[in-house]
Amino acid sequence: MIAVVLEKEMETNGKNNLRAPLLRPSEDVAVNFTQGSPRNEKNTRKVMFRIRGIKCASCVVSIESAIGNMKGIESISVSPIQGQAVIRYRPEFINAKTIKEAIEDLHYEVDEFPEQEICVCLLRIKGMACTSCSESVERALLMVDGVKKAVVGLALEEAKIHFDPNVTDSDHLIEAIEDAGFGADLISSGDDLNKVHLKLEGLRSPEDAILIQSSLEATEGVNHVEIDPMGQKVTVAYDPDLTGPRSLIRCIEETGQGPNFFNARLHTPSRRRETERHQEIRAYKNLFLWSCLFSIPVLVFSMVLPMLSPIGDWLSYKLYNNLTTGIFLRWVLCTPVQFIIGWRFYIGSYHALKRGSSNMDVLVALGTNAAYFYSVYIVIKASTSRSFEGQDFFETSAMLISFILLGKYLEVMAKGKTSDALAKLTDLAPETAFLLNMNGDGNVISETEISTQLLQRNDVIKIVPGAKVPVDGIVIKGQSHVNESMITGEAKAIAKRPGDKVIGGTVNENGCILVKATHVGSDTALSQIVQLVEAAQLARAPVQKLADKISRFFVPTVVVAAFLTWLGWFIPGEAHLLPRSWIPKAMDGFELALQFGISVLVVACPCALGLATPTAVMVATGKGASQGVLIKGGNALEKAHKVKTVVFDKTGTLTVGKPAVVHTKIFTNMPLQEFCNWASAAEANSEHPLAKAVVGHAKKLHQLYGSYNDHTVEAKDFEVHPGAGVSANIGGKMVLVGNKRLMLAFQVPVSPEVQDYMSDAENLARTCVLVAVDGMICGAFAVSDPLKPEAGHVISFLNSMSISSIMVTGDNWATANVIARELGISTVFAETDPVGKAEKIKELQMKGLTVAMVGDGINDSPALVAADVGMAIGAGTDIAIEAADVVLMKSNLEDVITAIDLSRKTISRIKLNYMWALGYNILGMPVAAGVLFPFTGIRLPPWLAGACMAASSLSVVCSSLLLQSYKKPLHIQDVQGSDEYSSSV
């Protein structure tokens, strides 16, 4: 119903009316309590409710009166006919849940509309140790009212939450995480993408801060202002299309009048992620060193000095009854390690058990407490008895905590290296740029060196040889070669001339160029790549489900196994069934059994399982980005290794994508230039490569022979017919430009002469573009699109990988077959529309094949979505890139092989990680339980078991880091000169 109303509104009043509410209440029942200004509307939110039980206008008045008088309500409109309410409110005073409850208190049934506003925020999570922890955070977030989706990344230590801002906000989400026993900090929210941090000068009172905040909030394009009067700082979130950092600084300076003179300059806050990582590394390092300060003497007093007589004889001196100096010193030194340095394990265990789960902290706390408190029992017994003899395990508790802290310290350091590729990407942009001030004639008036963060859209900047390009833009003057290898992986420098695009972070090599900024801040290609890689690293791969399933019962199983181990050794020991030679001289059966039980508790490592997948995905996606292959998450990474068939689009994928008109045929008496003008006017609004070739050919003719028209005739009723062509009303005449299918669809007769011309063109692998005016074909263009130089090598290499190649195109059969034969592709589907491409993909999938689709245009997007893995050419359309799972930044087909091979290497690494983690636990637990002890005398002391547990996590992370050495399996040097330009363009 809503869709119908929306469609009618668009037809009647245009797209602008989409901003108006669909529910327009009658004047007799709608009451607006405040008339908010446009600025105020930015600070308000809208919520819609469906209300049942409204019987008359009196019900409407009662609802509007009750709700309208609540603090924070800006306006309320109730429609009795549709039973709907539209309410605007101030979120700082009231939320949607409170409003809903207030209406229900009036004895009405209230339902929320499913289509509510959704916001996204990113949180840094502190204190996660294993998969169980990340699952606990996820569950805590999903239990918060208004949260629609939550994804928690263990290796990245971040959470991405989609929520309804009318119901909750980031503060409530952080509170929910803290209630679950973890720390959380806000990294970014939906309106944080374009933010500027400014340092203020001249603030003398709170009134000055309010004045600056009001002035900024009144500025067009400003979304949010956060001011810190004490620190004299202000943070502004803004829309780069409407304003920019320099405009905001100017606004602050203009706010000051008379004695109140304000100044603002750019302030760069420290990178929170790096700062926190360094703090975490420093914290674990300090904890480990402090624990060593106490643990090493404990180890020396218990295992080294007693064997060095007479040096260690003083440790046997009895202080009271049977309490010796050695036991007492070990107790004193171990206690700070157990309860101060090891306090984090108690906190982690408490929160884990509180939320009904268990993690590594529970195992460590159980193991160390068993050792410590049994040793305290030994101390008490020794101090109260003259004849009691027993072995304490203080060194077990202290050394166990020390080794685990060492493992965590090394693990945190190694995990930091998994995001090195991403850190290098963020550092590519230069710190400063040369801003040019130009007059109306395009002459340079002045040149200023400013911070890159102060650049705004449409600024003109100068880039000298050897300098980095600060932001995305278009060259308006000068020629040069630009090295784009750091973004696209392309080794050769690319020629740049006026009209060519440049990417922020790339390096200008040999010429001075002037560039007009088109994308700044978070809109640059570099920022988009970083955001995409971060999202991919946060996404959970399906193979991770194995670790998630194991983690649910892992710790309880280990605890049961440890208890059974203790029982299995204790009962035979007490029953004197064990040979006396098996029990060490300083122990009895209970103590031996306790050591085996503790070893089982601490040797098991759930952390290694939890880190096996996310660390490998992090390294692989970062490495892929540095190679020019952007993989949008673990799901795509996992599916790509199963690919058995790759379906290629033809135009712009297998071919260069810049077709040129090589021949023109006129079938009527129409002049050539007039014919070209009709065609180019119709194709001007199309983005298809064939359309660009026709438009480019027409422009070339105008340049060579002059034009009888100085301006392009406007095309009305323009319509794209996917897979066929375009139609438009130009100067009152219906113009069709496309293939034979388009002509037949519009009942335009195709003469034998036209048929013969089409056949000749198709036999030469040329595409025939027909042009009809008012129902008559006037002429045709023969368009040729050269193959990409690497296409044949890629198809051949895929065959060697046992991957079949298929070509699907909307072009004619003759052209498609000629190209397929040249490339060695045996299966071809031609004259296929976008829906047909998607259907072909589904047919292949029905045969049990995992299919990858490689395309570049809007017409490929249905097939990209339908395929198991969609790969978009980086030079393609935004819609195709959005629909794809993998983006090939270089537009080079060899990266299809890179994406599949990197996926295979990553999945192999993940499987190896799982084999290592599972194999370690499967082998380590029996050894710790004493399976080998009766036969070989080998047993695993608890402190050594703890060291093994720490080593297992570290080994998994280091295994993933080996993916950093990945190299492409196929690298083809581009045989074309970088500065070649098609003569037809």
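Since we're looking at a predicted model, the values are computed, not measured. (Residues numbered from 1 in each chain as written. Predicted model: local features only at pLDDT ≥ 70, side-chain atom pairs only at ≥ 80, totals over all residues. Heavy atoms only, no water.)

## Let's talk about the overall build of the chain
Each helix and strand in the chain was counted, giving 33 helices and 36 strands. Considering the chain as a whole, with its 985 residues, one finds that 51% of them fall into the buried category. Long-range pairs, those at least 24 residues apart, make up 70% of the contacts in the chain with a sequence separation of at least 6. Summing over all exposed atoms, the chain offers an accessible surface of approximately 45100 Å²; the carbon and sulfur share of this is 56%. (Helix = DSSP H or I, 4+ residues; strand = E, 2+ residues; numbered from the N terminus. Buried < 20%, exposed > 50% of the residue type's maximum accessible area, 1.4 Å probe, protein only. Contact = heavy atoms within 4.5 Å. Areas by Shrake-Rupley, 256 points an atom, 1.4 Å probe, with all protein chains shown as cover.)

## Focus on the pattern of salt bridges
Enumeration according to the criterion identifies 12 salt bridges in this entry. Of the charged contacts, one joins Glu158 and Arg124 as a salt bridge, the two residues approaching to 2.9 Å between their closest N and O atoms. Taken together, the residues Glu158 in strand 7 (residues 158-163) and Arg124 in strand 5 (residues 119-126) connect sequence positions 34 residues apart. Both residues of the pair, Glu158 and Arg124, belong to the buried class. Here Glu894 ties to Lys968 by a salt bridge, and the two come within 3.9 Å at their closest N and O atoms. (Salt bridge = Lys/Arg side-chain N within 4 Å of Asp/Glu carboxyl O.)

## Notes on the confidence of the model for the chain
Overall, the prediction assigns the chain a mean pLDDT of 80, with 87% of residues at 70 or greater. Segment residues 1-42: pLDDT under 50, and 45 contacts once partners within four positions in sequence are set aside and those in other chains are kept. A low-confidence stretch, residues 974-985 stays under pLDDT 50, and its non-local contacts, those more than four residues away or across chains, total 23 contacts. (pLDDT = per-residue confidence, 0-100.)

## Structural notes on the sheet that holds strand 23 (residues 513-519)
Strand order in this open sheet of six strands is 16-15-17-23-18-21, and the pairing throughout is antiparallel. In this open sheet, the two strands that pair with only one neighbour each are strand 16 (444-451) and strand 21 (501-502). Pairing analysis gives four bridges linking strand 17 (residues 460-463) to strand 23, with the strands arranged antiparallel. Across the sheet, Ile461 pairs through a bridge with Val515, a residue of strand 23. (Pairing = 2+ DSSP bridges.)

## Some points on the sheet that holds strand 8 (residues 183-189)
Whenever strands of a sheet pair, they do so through backbone hydrogen bonds, lying parallel or antiparallel. In space, the four strands of this open sheet follow the order 6-7-5-8, with antiparallel pairing throughout. Every other strand in the sheet has two partners, leaving strand 6 (147-153) and strand 8 as the edge strands with one partner each. Averaged over all pairs of adjacent strands, the angle between strand axes in this sheet comes to 25°, irrespective of strand direction. Taken together, the six bridges between strand 5 and strand 7 define a ladder with antiparallel strand orientation. Across the sheet, the residue bridging to Cys119 is Phe163, located in strand 7. Of the strands in this sheet, strand 5, strand 6, strand 7 and strand 8 touch helix 6 (residues 170-179), which is tilted by about 155° from strand 8. (Axes fitted to C-alpha atoms, helices over the stretch in contact; angles between N-to-C directions.)

## A look at the packing of aromatic side chains
Scanning the entire structure with this criterion turns up 21 aromatic pairs. Centre to centre, the rings of Phe301 and Trp314 are 5.9 Å apart; their planes meet at 80°, and the pair counts as edge-to-face. A residue pair is termed long-range when its members are at least 10 positions apart, and Phe301 in helix 9 (residues 272-304) and Trp314 in the loop between helix 9 and strand 13 (318-320) qualify at 13 residues. Exposure remark for Phe301: the relative accessible area of 16% places this residue in the buried category. By relative accessible area, which is 41% here, Trp314 ends up partly exposed. Taken together, Phe339, Trp343, Tyr346, Tyr372, Phe373 and Phe394 form an aromatic cluster joined through their ring pairs. If you follow Arg344 out to its NZ or CZ, it ends over the ring of Phe345, 5.0 Å from the centre. (Phe/Tyr/Trp six-rings, centres within 6.5 Å; stacked < 30°, edge-to-face > 60°. Lys NZ or Arg CZ within 6 Å of the ring centre and 35° of its normal.)

## Overview of the environment of Met413
Along the chain, Met413 falls in helix 13 (residues 394-417). With 133 residues separating them along the chain, Met413 and Glu280 place their C-alpha atoms 9.2 Å apart.

## Quick word on the pairing of strand 35 (residues 869-873)
Within strand 35, five of the five residues are buried, which leaves it mostly tucked inside the rest of the structure. Of the two faces of strand 35, both are covered, the one formed by Val869, Met871 and Ile873 as well as the one formed by Gly870 and Ala872. Inspection of the sheet shows strand 34 (residues 851-855) paired to strand 35 by four bridges, in the parallel sense. Within strand 35, the position partnered with Gly855 by the bridge is Ala872. Note that strand 35 and strand 36 (residues 886-888) share three bridges and pair parallel. Each residue of the ladder has a partner; that of Met871, found in strand 36, is Val886.

## Section: the packing of helix 7 (residues 206-217) against helix 8 (residues 245-255)
Closest axis-to-axis distance for the helix 7/helix 8 pair is 10 Å, and the angle between their directions is 135°. By the angle class used here, helix 7 and helix 8 are oblique. Judged by the twist between their axes, the crossing of helix 7 over helix 8 is right-handed. Together, Leu211, Ile212, Ser215 and Leu216 of helix 7 and Leu248, Cys251, Ile252 and Thr255 of helix 8 make up the contact between the two elements. By residue class, the composition of the contact of helix 7 with helix 8 is six nonpolar, two polar and no charged. (Parallel < 35°, antiparallel > 145°, perpendicular 65-115°, else oblique. Left-handed = near helix turned anticlockwise from the far one by under 90°. Nonpolar A, V, L, I, M, F, W, Y, C, P; charged D, E, K, R; others polar.)

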